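# Coordinate inspection notes
Read off the chains here:
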Amino acid sequence: MTRALEIATPFADFSELSENFAQRVDNERLMLPFAEPVGEGEWVSFTVLFADGSTALAGTGKCQGSYDNGEEHPPEYRFDIVVESLSLEGTAEVMFERLLMARNSMAGEGNA
């Protein structure tokens, strides 16, 4: 059975999302903030939402691990869920590639 994760963000557009999520991606994984831990090996479907409730990124994957950020974080973002074996839906693959490009740009890898 697949567990559904819905992640509401305060971001109005993809530019804002990429600034905040670029450090949460690599070529094979995505780290999602969530209110509770997910069991290692558990399959999840995820939807990351913009502030207006529209979908920014959606897909499925397998939980590689859950990490507790502590009580000082807002309850809805207390845990970081690392998702691997990603399967992205529709335009989500393009959005994921844009997140990777933003991450590379922040790291200085995209500059000539």
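Refer to the structure above for everything that follows.
Here's a quick rundown of the structure.

Here is what the cut-offs are and how they apply
- Residues numbered from 1 in each chain as written.
- Predicted model: local features only at pLDDT ≥ 70, side-chain atom pairs only at ≥ 80, totals over all residues.
- Heavy atoms only, no water.
- 1 Å grid on protein atoms, 1.4 Å probe; cavity = no way out; pocket = protein on both sides within 12 Å on 5 of 7 lines; lining within 4 Å.
- Points joined across faces, edges and corners; volume = space filled by probe spheres on them.
- Nonpolar A, V, L, I, M, F, W, Y, C, P; charged D, E, K, R; others polar.
- Pairing = 2+ DSSP bridges.
- Helix = DSSP H or I, 4+ residues; strand = E, 2+ residues; numbered from the N terminus.
- Axes fitted to C-alpha atoms, helices over the stretch in contact; angles between N-to-C directions.
- Contact = heavy atoms within 4.5 Å.
- Expected span 1.5 Å × (residues − 1).
- Buried < 20%, exposed > 50% of the residue type's maximum accessible area, 1.4 Å probe, protein only.
- Arc of directions from axis to C-beta.

## A look at the layout of surface pockets
The calculated volume of the largest pocket comes to roughly 160 Å³. Phe-11, Phe-21, Arg-24, Pro-33 and Tyr-77 are, among the 13 residues lining the largest pocket, the residues nearest its centre. Looking at the lining of the largest pocket residue by residue, the classes come out as 7 nonpolar, 5 polar and 1 charged.

## Brief notes about the sheet that holds strand β5 (residues 79–88)
Strand order in the open sheet formed by 5 strands is β1-β3-β4-β5-β2, and the pairing between neighbours is mixed. Because the sheet does not close on itself, it has two edges, and the strands there are β1 (3–8) and β2 (30–34). Strand-to-strand twist across the sheet, computed as the mean angle between neighbouring axes with direction ignored, equals 45°. When β1 meets strand β3 (residues 43–49), the two strands line up parallel, connected through 6 bridges. Considered in β3, the bridge of Ile-7 is made with Val-48. Against the sheet, helix α1 (residues 14–21) touches β2, β3 and β4 (55–68), its axis set at about 100° to β2. Packed on one face of the sheet, helix α2 (residues 92–106) meets β2, β4 and β5 and runs near 60° to β4.

## Overview of α2
Across its 15 residues, α2 extends 21 Å between first and last C-alpha, which sits within 8% of the 21 Å expected from 1.5 Å per residue. Those residues of α2 that sit buried are Ala-92, Met-95, Phe-96, Leu-99, Leu-100 and Ala-102. Buried residues of α2 fall within an arc of 160° about the axis and therefore sit on the same side. For α2, the exposed residues set more than 90 degrees away from the buried face come down to Val-94 and Met-101. At the C-terminal side of α2, Gly-108 shows a positive phi close to 80°.

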